[in-house]
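Structural features, examined
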Amino acid sequence: MTDIESRIDTTRPHTARIWNYWTGGKDNYPVDRAAGDEIRALHPGIGDYAKADRLFLGRAVRHLAEQEGITQFLDIGTGLPSADNTHEVAQRVAPDARVVYVDNDPLVLAHAQALLVGTHEGRIDYLDADLRDVDGILAAAAKTLDLSQPVALMLLGVVIFIEDDEQSYAIVRRLMDALAPGSHLVLSHTVTHADMPDVDEAVAFWNEHGTPKLTQRTPDAVARYFDGLELLEPGVVSCSAWRAPTPTPDVAMYAGVGRK
């Protein structure tokens, strides 16, 4: 058994694997499917959040590569590989795009090493690191990315695992401060919203039974992550609504893209 395999806990449901289950993936275990079904019973639309977040990723990366000329991506909290991963979307537009994936989930790392293969012109790297290790992430990412040039910092559904508000804001600021002008922050976050009370119940169930625990924030609190940045239209909105080609129902996952 490898070191990575020995770290995989199949006895407790895990966020990345449940997310994978909801999006139709196969990289999950019975414990994840059982928890995913219970959460979906509490909030039937929650599986749509995972799909909406994935579609937001594709639209954001495509915009940055096509319209902003971004060819470097630092994707922290990668999640399990799926269709249209960051490097796939970026390298369709810019074959020489470079992507560094960061995650501390051993199952994610095991699959990333096996499945995420890019173009000959571009480069992909994988880091086994926690979001809180800002200095370590930046030092390792600099071996693949040129941090003196613009980078897209991808933080999709990951700062929800930093419970302390000020710590989470400080982590995002430190990462963005280290990046060159013209860099962009792409961030999504589960929200608590008066119009979606059943979301709170589903999150409470998750925090009692699953790992790691997550923190909801209000839409205004999510917008704070973009303080000091130029928010791209339409601002911080439901990720299903961010530059969507057709109107879709809002989900309790808000997102935005900001330019440094």
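Note that residues are indexed from 1 along each chain, following the sequence as it is written. pLDDT decides what is reported in this predicted model: residues at 70 or higher carry local features, side-chain atom pairs at 80 or more are listed and counted, and totals for whole chains, interfaces and linings draw on all residues regardless. Only hydrogens and water are set aside; all other atoms, that is, all heavy atoms of the structure, feed into the side-chain values.

Under the annotation held in an unreviewed UniProt entry, the protein chain carries the name SAM-dependent methyltransferase and is attributed to Streptomyces sindenensis.

1. Description of the packing of helix H3 (residues 30-42) against helix H9 (residues 197-209)
Inclusion rule: Inter-axis angles, ranging from 0 to 180 degrees, are taken between N-to-C directions of lines fitted to C-alpha atoms, where helices are fitted over the stretch in contact. Numbered from the N terminus, helices here are DSSP runs of H or I no shorter than four residues, and strands are runs of E no shorter than two. Here the angle decides the label: under 35 degrees means roughly parallel, over 145 means roughly antiparallel, 65 to 115 means roughly perpendicular, and every other value means oblique. Put simply, a crossing is left-handed when the front helix is turned counterclockwise from the back one by less than a right angle, and right-handed when it is turned clockwise. Only heavy atoms enter the contact rule, under which two residues are in contact if any of them lie within 4.5 Å. Each residue is assigned to one class: nonpolar for Ala, Val, Leu, Ile, Met, Phe, Trp, Tyr, Cys and Pro, charged for Asp, Glu, Lys and Arg, and polar for all the others, Gly among them.
In the contact formed by H3 and H9, the axes pass within 8 Å of each other and the chain directions differ by 155°. If you check the angle between H3 and H9, you find them roughly antiparallel. H3 and H9 meet at a crossing whose hand is right-handed. For the pair H3 and H9, the contacting residues are Ala35, Glu38, Ile39 and Leu42 in the first and Asp198, Glu201, Ala202, Phe205 and Trp206 in the second. Of the residues assigned to the contact of H3 with H9, the class counts are 6 nonpolar, no polar and 3 charged.

2. Topic: the layout of surface pockets
Let me state the cut-off plainly: Grid spacing is 1 Å over the protein atoms alone, the probe is 1.4 Å, and a cavity is where that probe fits but cannot get out, while a pocket is an open set with protein on both sides within 12 Å along at least five of seven lines and lining residues have an atom within 4 Å of a point. Grid points are joined across faces, edges and corners, and a volume is the space filled by probe spheres set on the points.
Within this model, the second largest pocket holds a volume of roughly 270 Å³. What lines the second largest pocket is a set of 17 residues, and nearest its centre among them are Ala52, Ser240, Thr248, Pro249 and Val251. Tallied by class, residues from the lining of the second largest pocket come to 8 nonpolar, 5 polar and 4 charged.

3. What about the nonpolar core?
Across soluble globular proteins, nonpolar side chains show a tendency to be buried alongside one another. Heads up, the condition is: Within this scheme, the nonpolar core is defined by two criteria: the residues are buried Ala, Val, Leu, Ile, Met, Phe, Trp, Tyr or Cys, and they are joined through side-chain atoms within 4.5 Å. Each residue is assigned to one of three classes by its accessible area relative to the maximum for its type, calculated with a 1.4 Å probe on protein chains only: buried under 20%, partly exposed between the two thresholds, exposed over 50%.
Within the largest apolar cluster, 81 residues are counted, with the highest numbers of intra-cluster contacts made by Leu74 and Leu155. For this core, the element with the most residues is helix H4 (residues 46-67), which contributes 9 residues. Not counting residues up to four positions away in its chain, the partners in contact with Leu74 are Val100, Val102, Ile137, Ala141, Leu145, Val151, Ala152, Leu153 and Met154.

4. Structural notes on the packing of aromatic side chains
We apply this condition: Any two rings among Phe, Tyr and Trp, with Trp reduced to its six-membered ring, count as a pair given centres within 6.5 Å; such a pair is stacked if its planes are under 30 degrees apart, edge-to-face if over 60, and tilted if neither.
All chains considered together, the criterion is met by 2 aromatic pairs. Plain terms: the ring middles of Phe56 and Trp242 are 5.5 Å apart, the flat faces sit at 85° to each other, and that makes the pair edge-to-face. Here Trp242 lies in the loop between strand E7 (237-238) and strand E8 (253-259) and Phe56 lies in helix H4, a separation of 186 residues in the sequence. The buried category is assigned to Phe56, whose relative accessible area is 0%. Residue Trp242 is classed as buried on the basis of its relative accessible area, which comes to 0%. Ring geometry for Tyr169 versus Tyr225: centroids 4.5 Å apart, planes at 50°, classification tilted. Here Tyr169 is found in helix H8 (residues 165-177), whereas its partner Tyr225 is found in the loop between helix H10 (219-223) and strand E6 (230-231), with 56 residues between them in sequence. On the basis of relative accessible area, Tyr169 is assigned to the buried category, the value being 3%. Accessibility expressed as a relative area gives 5% for Tyr225, which makes it buried.

5. Focus: the side chain of Asn20
Selection rule: Pairs of N or O atoms within 3.5 Å make up the polar contacts considered here, provided that, within protein, one atom can donate a hydrogen while the other can accept it, and that residues adjacent in sequence are counted only when both atoms are side-chain atoms.
Looking at the element boundaries, Asn20 is found in helix H2 (residues 15-22). Side chain to side chain, Asn20 and Asn28 meet in a polar contact 2.9 Å long. If we ignore the near neighbours within four places in the chain, the residues touching Asn20 are Gly25, Lys26, Asp27, Asn28, Leu80 and Pro81.

6. Quick look at empty space enclosed by the protein
Summed over all chains, the structure comprises 1 cavity of 30 Å³ or more. For the largest cavity, the calculated volume is near 30 Å³. What lines the largest cavity is simply Thr78, Tyr101, Val102, Asp103, Val108, Leu109, Ala112, Tyr126 and Leu127. Looking at the lining of the largest cavity, the elements with two or more residues in it are strand E2 (98-103), helix H6 (106-115) and strand E3 (123-128).

7. Quick look at unusual backbone geometry
In the segment running from Glu233 into Pro234, the intervening peptide bond is cis, with an omega of 10°. Locating Pro234 in the fold gives a position in the loop between E6 and E7.

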